[in-house]
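What follows is the residue order along each chain.
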Amino acid sequence: MDKYTIAVAKGDGIGSEIMDAVLRIFDAAGVPLNYEFIEMGKPVYEAGHSTGMTPLAKERVEERGILFKGPMETPKGKGVKSINVTARKVWNTYANKRVFKTLSGVETVFSKAGIPIDITIIRENIEDTYGGIEHMLTRDVALCRRFITRPGCLQVHRYAFDLARKKKARRITCGHKANIMKITDGLFLETFYEVAKDYPDLVADDVIVDDLCMKLVVRPNEFDLVVLPNLQGDIVSDLCAGLIGGLGFAPSSNIGDHICIFEAVHGTAPDITGKGLANPTALLLSGLMMLRHLGLTQYSATIENALLKTLESGLHTADFGLEAIPASGTNEFVNVIIRNLGHGPSKSKPVVGLPDQFKYTAPILPKE
Ligand code: NAI
């Protein structure tokens, strides 16, 4: 099979530790990808680029269409923009898909109670307060503007409904705060039901975001696909990560019509950086989303089965698992996943992939 080249940015903090770990697994599994490493994030800010991205890095991502990205630090304070937000906006990756699924071998209160969780959050990814349009109105009054647009809402809702249909979702739910923010969240909710009319085969409903949080904690198995505005989607995502064992297990993709970015939900974990302790699973699962996006479903299934076998064995990094079993470092964890390639889980169903075929063509970007 021909190899396809994707852009890879290792990121800051634990970024290079977990990216190296994941690429080592890909290489051991013979995944037919080449990597073009680009600089984004902290060193780029430090070199004086206030966006955190060089023009060359931008060009490379646009050529390849796919960016596999480690977490990147957003420097605190004024004058620089979050590279994560910039990347999503520059490439109009309007839908942030985040999957929270019970993993066999990762114990939680729900897994112990025999309650399976499989929730997909679709977070609007480029509007809302993440525009970062803030200023001081007076010395004592700070103002933040929140943009919610009809085209912005329609594109994320359409993506969510298409996905719900494709995955035969039991239910698609809109989370919002339209009872208070009647105009902005009101527009998000109104457009949700506008789009719902084109999908009469799906059960569509809505829940106010605070009630949603309570219901997710009490009965997470009642939810399937949930679409939310940007900030609320970010917060609810971390809540869902907690339900399935933590941020170490939460993968994501940022989907646009031309460029897609695959990254873990978590950040740079400065408290464990350089200690060889990081859990690479969330980035690995994001990489598997990327492989499936490219049509490499068999490679994805082989690696996922090796991961599940590893988790079922009780092997774990320090952020999860039983205290009775000493925690492994990132390298040891990865070595065992590699040894398990070709094997599958025994306590859960092995994942089955379709025959691999690249179904991806590099994007043609509209002229500026
Ligand atoms: P964080 O996600 O980096 O860390 C929160 C907690 O989870 C920490 O205790 C950390 O050790 C733990 N953790 C996270 N990932 C882990 C992993 N793979 N294995 C084991 N433990 C893990 O969030 P925090 O501390 O709020 O943010 C740190 C930096 O990351 C900030 O500069 C923030 O802006 C950035 N960030 C970047 C994101 C991205 O690149 N998409 C997303 C979220 C935050």
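Note that the structure is predicted; figures quoted are calculated from it, not measured. Counting starts from 1 at the beginning of each chain's written sequence and moves along it residue by residue. Reporting of local features is limited, given that this is a predicted model, to residues whose pLDDT is at least 70; pairs of side-chain atoms are given and counted only at 80 or more, and all residues count toward the totals for whole chains, interfaces and linings. Water and hydrogen atoms were dropped before computing side-chain values, which therefore reflect all heavy atoms in the structure.

Visitor: Sorry if this is basic, but what is going on with the environment of Asp20 here?
Guide: Helix and strand assignments come from DSSP, with helices taken as H or I runs of at least 4 residues and strands as E runs of at least 2, each series counted from the N terminus. Assignment of secondary structure puts Asp20 in helix α1 (residues 15-28). Separated by 260 residues in sequence, Asp20 and Pro280 have C-alpha atoms that sit 9.3 Å apart.

Visitor: Is there a simple way to explain the packing of helix α6 (residues 150-166) against helix α7 (residues 184-196) in this structure?
Guide: Two packed helices can be described by the angle between their axes and the distance between those axes. Between the N-to-C directions of two axes lies an angle of 0 to 180 degrees, each axis being a line fitted to C-alpha atoms and, for a helix, fitted only over the stretch in contact. At a minimum axis separation of 9 Å, α6 and α7 run at an interaxial angle of 45°. What the angle tells us is that α6 and α7 run oblique. Note that α6 runs across α7; the crossing there is right-handed. Between α6 and α7, the residues in contact are Arg150, Cys153, Leu154, Val156, His157, Arg158 and Phe161 and Leu187, Phe188, Glu190, Thr191, Phe192, Glu194, Val195 and Ala196, respectively. Residues are grouped as follows: nonpolar covers Ala, Val, Leu, Ile, Met, Phe, Trp, Tyr, Cys and Pro; charged covers Asp, Glu, Lys and Arg; every other residue, Gly included, is treated as polar. Looking at side-chain class alone, the contact of α6 with α7 contains nine nonpolar, two polar and four charged residues. Working rule for angles: under 35 degrees goes down as roughly parallel, over 145 as roughly antiparallel, 65 to 115 as roughly perpendicular, anything else as oblique. We call a crossing left-handed when the near helix sits turned anticlockwise from the far one by less than a right angle, and right-handed when that turn is clockwise. Any two residues whose heavy atoms approach within 4.5 Å at even a single point are treated as in contact.

Visitor: Looking at this structure, how should I read the packing of aromatic side chains?
Guide: We describe a pair of aromatic rings using the distance from one ring centre to the other and the angle between the two ring planes. Pairs were defined over the aromatic rings of Phe, Tyr and Trp, the Trp ring being its six-membered one, requiring ring centres within 6.5 Å. Orientation was assigned from the angle between planes: stacked under 30 degrees, edge-to-face over 60, tilted for the rest. Applying the stated rule across the entire model yields eight aromatic pairs. Ring centres 5.4 Å apart and planes at 80° place the aromatic pair Tyr4 and Tyr360 in the edge-to-face group. Residue Tyr4 is located in strand β1 (residues 4-9), and its partner Tyr360 is located in the segment after α12 (330-339); the two are separated by 356 residues in the primary sequence. We note that Tyr4, like Tyr360, is buried. Centroid distance Tyr35 to Phe37: 6.2 Å. Interplanar angle 55°. Geometry classified as tilted. Buried means the residue's accessible area, taken with a 1.4 Å probe over protein chains only, is under 20% of the maximum for its type, while exposed means over 50%, and partly exposed covers the values in between. Taking relative accessible area as the criterion, Phe37 reaches 49% and is therefore assigned partly exposed.

Visitor: Could you clarify how one ought to interpret the pattern of salt bridges in this entry?
Guide: Side chains that differ in charge, positive against negative, can pair when their charged atoms come close. Counted as salt bridges are all cases of a side-chain nitrogen of Lys or Arg within 4 Å of a carboxyl oxygen of Asp or Glu. Scanning the model with the defined rule gives 26 salt bridges in all. Its salt-bridge partner being Lys10, residue Asp20 comes within 2.8 Å of it at the nearest N-O pair. Here Lys10 lies in the loop between β1 and α1 and Asp20 lies in helix α1, a separation of ten residues in the sequence. A relative accessible area of 36% places Asp20 in the partly exposed class. Where Arg60 meets Glu63, a salt bridge forms, and the shortest distance between an N and an O atom there is 3.4 Å.

Visitor: I keep staring at the domain arrangement of the protein and nothing clicks. Help me out?
Guide: Put simply, an interface is often sized by how much accessible area is lost when its parts join up. Segmentation of the protein into domains returns domain 1 (1-94 + 252-368) and domain 2 (107-244). For domain 1 and domain 2, the distance between their C-alpha centres works out to 24 Å. Taken residue by residue, the interface counts ten residues in domain 1 and eleven residues in domain 2. Defined in terms of a 1.4 Å probe, buried area is the accessible area two parts forfeit on being brought together, summed over both. By the criterion of area lost to domain 2, the three top residues of domain 1 are Arg88, Lys89 and Tyr94, representing 56% of everything that side buries. At the junction of domain 1 and domain 2, the tally comes to zero salt bridges. Of all the secondary structure elements, the ones that give two or more residues to the side of domain 1 that touches domain 2 are α4 (83-90) and β11 (251-255). In terms of residue count, α4 provides more of the side of domain 1 that touches domain 2 than any other element does, three residues in total. Domain segmentation is taken from an automatic or database assignment of domains.

Visitor: Help me out: how do you make sense of α4 in this one?
Guide: Helical geometry: 3.6 residues make up each α-helical turn, so side chains three or four residues apart lie on a common side. Buried residues dominate α4, accounting for six of its eight residues. Residues of α4 that are buried include every one of Ile83, Asn84, Val85, Thr86, Ala87 and Arg88, and no others. Of the surrounding elements, those touching the buried residues of α4 are α2 (42-46), β3 (66-69), β5 (118-124), β6 (128-138), β11 and β12 (260-264). The N-cap residue of α4 is Ser82: its side-chain oxygen and the backbone nitrogen of Asn84 are 3.2 Å apart. Identification of polar contacts relies on pairs of N or O atoms within 3.5 Å, with a donor-acceptor requirement for protein atoms, meaning one able to donate a hydrogen and the other able to accept it, and with residues adjacent in sequence counted only if both atoms are side-chain atoms.

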